[in-house]
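Secondary and tertiary structure notes
Listed below, chain by chain, are the residues.
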Amino acid sequence: MSASSTITVDDKQIDLPVKTGTIGPHVIDIGKLHAKTGVFTFDPGFTSTASCESKITYIDGDEGVLLYRGYPIEQLAEQGDFLETCYLMLFGELPTPAQKADFDYRVTRHTMVHDQMNRFFQGFRRDAHPMAVMVACVGALSAFYHDSTDISDEKQRMIASLRMIAKMPTLAAMAYKYSIGQPFVYPKNELDYTSNFLRMCFAVPCEEYQVNPIFARALDRIFILHADHEQNASTSTVRLAGSSGANPFACIAAGIACLWGPAHGGANEAALKMLMEIGTPDRVKQYVDKAKDKNDPFRLMGFGHRVYKNYDPRARIMQKTTHEVLGELGIKDDPLLEVAMQLEQIALKDEYFIEKKLYPNIDFYSGITLKAMGFPTDMFTVLFALARTVGWIAQWAEMIEDPSQKIGRPRQLYIGPDKREYVPISQRG
Ligand code: SDX
């Protein structure tokens, strides 16, 4: 690829520099395009637009490859744990045993939230969607932790990062407990990160709670799969919010709000509801036909992806984890899994899905697993947000530490009315 590309605008040719990365598509740097030609580029869904340079995550959508700091997701999910992935995201290298022990210790001792946070929950209806609760409570953290909101201070950025990673499970568990009218369960430092979360969700004061190690391992792996995913909608939201200098807690709250949408992180909840609505394998065909009907807004939730035009590598690991969890529960023929497997088989052989390169994504199987573990459907996206927090905070920190960083401020193609004179209301209509 040459070092520059030439563009002609109104018979005027200009050269634009081409930047190359370690792997993946090169980019044409259009930073000076408007100054030199007076035109903007136009790419509303950012289908061909890179918003930043990043060293954190690489996706090859055609090959179905996902790397965190260069390590394949399959190896991290199989051989490591979620806090190791968090360390890798934040520091760029896998931790030594001593670094891992220190990191686990530090995260563990940030898991409690200010006890006045409890009063926040009292203001919500018990049937409030837990994502609404999370947006509110995570944003409110900036009201409690004034000693880690100065983004120009590296130490404060790191404390805020550790606090976010550590407190998300506690807040998520509190949102769940509040929704079912059970008392909050405080974190226990002797438990690992994911076991601690399971206990805060499912323990009750009346008896000791034993964490199921198969569930803990499966959920920890699910968190690894969801940790980061390049410049997706919610990560881009966090970066844009952070580019104005907003504090990290507020930026993460913005990311949670964006993730909630059914086209994004809300798809795991929507996918399970879709499987439940289909109900039985014999009804799958009619829903596949609905998804193909251009006049029908219905889409197969958990299918398709902006980047993956091959199988989402996370979906493969997710499917394997689903079988592990159902096996542990002795569930041989889960009706939802039957429907999902049938749906996948029919869709992957269907010309429409083949031509549009639509494959199951991470959200297709995750709901079945989480439901089998005992989580209600409206908690699925909360778990996605819990895991994605480390990706958001790592991408936010990378942006803040980028010396060329400036406030994000896209332009537009204006198609509204031309300039016109004001008409006093006495002279209208
Ligand atoms: C996540 O970006 C990320 O990395 C996100 C994520 C992450 O880790 O952060 O991976 C997490 O958000 C996964 C995606 C979860 N969403 C869903 O499962 C919702 C269902 N999927 C679709 O809404 C859709 O596939 C998107 C939103 C995921 C991607 O949409 P695009 O890239 O904008 O593609 P598109 O909507 O332009 O679709 C291309 C074509 C269209 O047909 P035409 O208009 O060209 O005729 O494919 C069709 C779409 O109608 N299509 C589908 C479909 N998804 C796309 N048709 C039926 N069912 C579907 N699921």
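Residues numbered from 1 in each chain as written. Predicted model: local features only at pLDDT ≥ 70, side-chain atom pairs only at ≥ 80, totals over all residues. Heavy atoms only, no water.

Labelled according to an unreviewed UniProt entry, the protein chain appears under the name Citrate synthase, originating from Methylobacterium planeticum. UniProt, in the comment section headed Sequence similarities (unreviewed entry), describes the protein chain in these words: "Belongs to the citrate synthase family." What UniProt states about the protein chain under its Catalytic activity (unreviewed entry) heading is, verbatim, "oxaloacetate + acetyl-CoA + H2O = citrate + CoA + H(+)". (UniProt positions renumbered as here; feature names shortened; annotations may be inferred.)

Quick word on the site of the ligand
Inspection of the region around the ligand gives 24 residues, with His-229, Lys-294, Leu-300, His-305 and Arg-314 positioned closest. Here an oxygen atom of the ligand and a side-chain polar atom of Lys-294 are 2.7 Å apart. Within the side chain of Lys-356, an N or O atom sits 3.0 Å from an oxygen atom of the ligand. (Near = heavy atom within 4 Å. Polar contact = N/O pair within 3.5 Å; in protein donor to acceptor, adjacent residues only side chain to side chain.)

Structural notes on the packing of helix 6 (residues 130-140) against helix 7 (residues 154-179)
Relative orientation of the contacting elements helix 6 and helix 7 amounts to 140 degrees, with a least axis distance of 10 Å. Classified by the interaxial angle, the pair formed by helix 6 and helix 7 is oblique. In this structure, helix 6 meets helix 7 at a crossing whose hand is right-handed. Side by side, helix 6 and helix 7 meet where Pro-130, Val-133, Met-134, Cys-137 and Val-138 of the first sit next to Met-164, Met-168, Leu-171, Ala-172 and Ala-175 of the second. Its residues assigned to classes, the contact of helix 6 with helix 7 shows 10 nonpolar, no polar and no charged. (Axes fitted to C-alpha atoms, helices over the stretch in contact; angles between N-to-C directions. Helix = DSSP H or I, 4+ residues; strand = E, 2+ residues; numbered from the N terminus. Parallel < 35°, antiparallel > 145°, perpendicular 65-115°, else oblique. Left-handed = near helix turned anticlockwise from the far one by under 90°. Contact = heavy atoms within 4.5 Å. Nonpolar A, V, L, I, M, F, W, Y, C, P; charged D, E, K, R; others polar.)

Thoughts on the sheet that holds strand 1 (residues 4-9)
Hydrogen bonding along the main chain pairs the strands of a sheet, whether they run parallel or antiparallel. If you trace the 3 strands from one edge of the open sheet to the other, you get 1-2-3, paired in antiparallel fashion. Two strands bound the open sheet, and with one partner strand each, they are strand 1 and strand 3 (27-28). Strand direction decides the pairing type here: strand 1 and strand 2 (residues 12-19), joined by 6 bridges, are antiparallel. Bridging from a neighbouring strand, Thr-6 pairs with Asp-15 of strand 2. (Pairing = 2+ DSSP bridges.)

Topic: helix 12 (residues 267-278)
In a regular helix each residue adds 1.5 Å, so 12 residues correspond to 16 Å; helix 12 covers 16 Å between its end C-alpha atoms and thus fits that length. Counting buried positions along helix 12 gives 9 out of 12 residues, so the element sits mostly inside the fold. Within the span of helix 12, buried status applies to Ala-267, Asn-268, Glu-269, Ala-270, Ala-271, Leu-272, Met-274, Leu-275 and Ile-278. Of the surrounding secondary structure, the elements contacted by the buried residues of helix 12 are helix 13 (284-292), helix 15 (335-349), helix 17 (362-373) and helix 18 (380-401). (Expected span 1.5 Å × (residues − 1). Buried < 20%, exposed > 50% of the residue type's maximum accessible area, 1.4 Å probe, protein only.)

Brief notes about a nonpolar patch on the surface
Residues Phe-42, Leu-413 and Ile-415 make up a contiguous nonpolar surface patch of about 400 Å² in total accessible area. Summarising the element assignment, Ile-415 is placed in the segment after helix 18. Its relative accessible area of 74% is what places Ile-415 among the exposed residues. (Patch = residues over 30% accessible without salt bridge, like charges linked within 9 Å, V, L, I, M, F, W, Y side chains within 5 Å. Areas by Shrake-Rupley, 256 points an atom, 1.4 Å probe, with all protein chains shown as cover. Salt bridge = Lys/Arg side-chain N within 4 Å of Asp/Glu carboxyl O.)

Brief notes about the nonpolar core
Counting 119 residues, the largest nonpolar core has Leu-171, Phe-197, Leu-219 and Phe-375 as its most contacted members. For this core, the element with the highest residue contribution is helix 18, accounting for 15 residues. Aside from chain neighbours lying at most four places away, what touches Leu-219 is Thr-194, Phe-197, Leu-198, Leu-370, Met-373, Phe-375 and Leu-383. (Core = buried A, V, L, I, M, F, W, Y, C linked by side-chain atoms within 4.5 Å.)

Quick look at the UniProt feature "active site" (unreviewed entry) in the protein chain
Within this structure's numbering, the places UniProt gives as "active site" (unreviewed entry) are His-305 and Asp-363. For this annotated set, covering 59 residues, all C-alpha atoms fall within 10.5 Å of each other, a compact arrangement in space. Inspection of the secondary structure assignment puts His-305 in the loop between helix 13 and helix 14 (313-328). With a relative accessible area of 23%, His-305 lands in the partly exposed category. In this structure His-305 touches His-229, Arg-314 and Asn-361, once residues within four positions along its chain are discounted. With respect to the element layout, Asp-363 can be found in helix 17. If we skip the residues at most four places from it in the chain, Asp-363 touches His-264, Gly-265, Ala-267, Asn-268, Ala-271, Gly-302 and Phe-384.

A word on the pattern of salt bridges
This model, assessed by the stated rule, comprises 18 salt bridges. A salt bridge links Arg-125 to Asp-127, with the shortest nitrogen-to-oxygen separation between them at 2.6 Å. Accessibility classification places Arg-125 together with Asp-127 in one group, the exposed group. Each of Glu-78, Arg-221, Lys-320 and Glu-324 takes part in salt bridges that share partners, so that together they form one network.

Here's the deal with a positive patch on the surface
On the surface, Lys-12, Lys-32, Lys-36 and Lys-406 cluster together to form a positively charged patch. Summarising the element assignment, Lys-12 is placed in strand 2. Accessibility expressed as a relative area gives 45% for Lys-12, which makes it partly exposed. (Lys, Arg positive; Asp, Glu negative; His and termini not counted. Charge placed at Lys NZ, Arg CZ, Asp CG, Glu CD.)

Focus: the domain arrangement of the protein chain
Splitting the protein chain by domain gives domain 1 (4-50) and domain 2 (65-229). Each of domain 1 and domain 2 was reduced to a C-alpha centroid, and the two centroids are 40 Å apart. (Domains from an automatic or database assignment.)

Quick look at helix 3 (residues 82-91)
Spacing of three or four residues puts side chains on the same side of an α-helix, whose turn is 3.6 residues. Of all 10 residues that make up helix 3, 8 are buried, and the element is covered over most of its length. Where helix 3 begins, one side-chain oxygen reaches toward the backbone nitrogen of Leu-83, 3.3 Å away; that side chain belongs to Asp-81.

As for the packing of helix 6 against helix 11 (residues 248-259)
In a packed pair of helices, the relevant descriptors are the angle between the two axes and the axis-to-axis distance. At a closest axis distance of 8 Å, the pairing of helix 6 and helix 11 adopts a crossing angle of 165 degrees. One finds that helix 6 runs roughly antiparallel with respect to helix 11. Relative to helix 11, helix 6 is oriented so that their crossing is left-handed. Between helix 6 and helix 11, the contacting residues are Met-131, Met-134, Val-135, Val-138 and Gly-139 on the first element and Phe-249, Ile-252, Ala-253, Ile-256 and Ala-257 on the second. Its residues assigned to classes, the contact of helix 6 with helix 11 shows 9 nonpolar, 1 polar and no charged.

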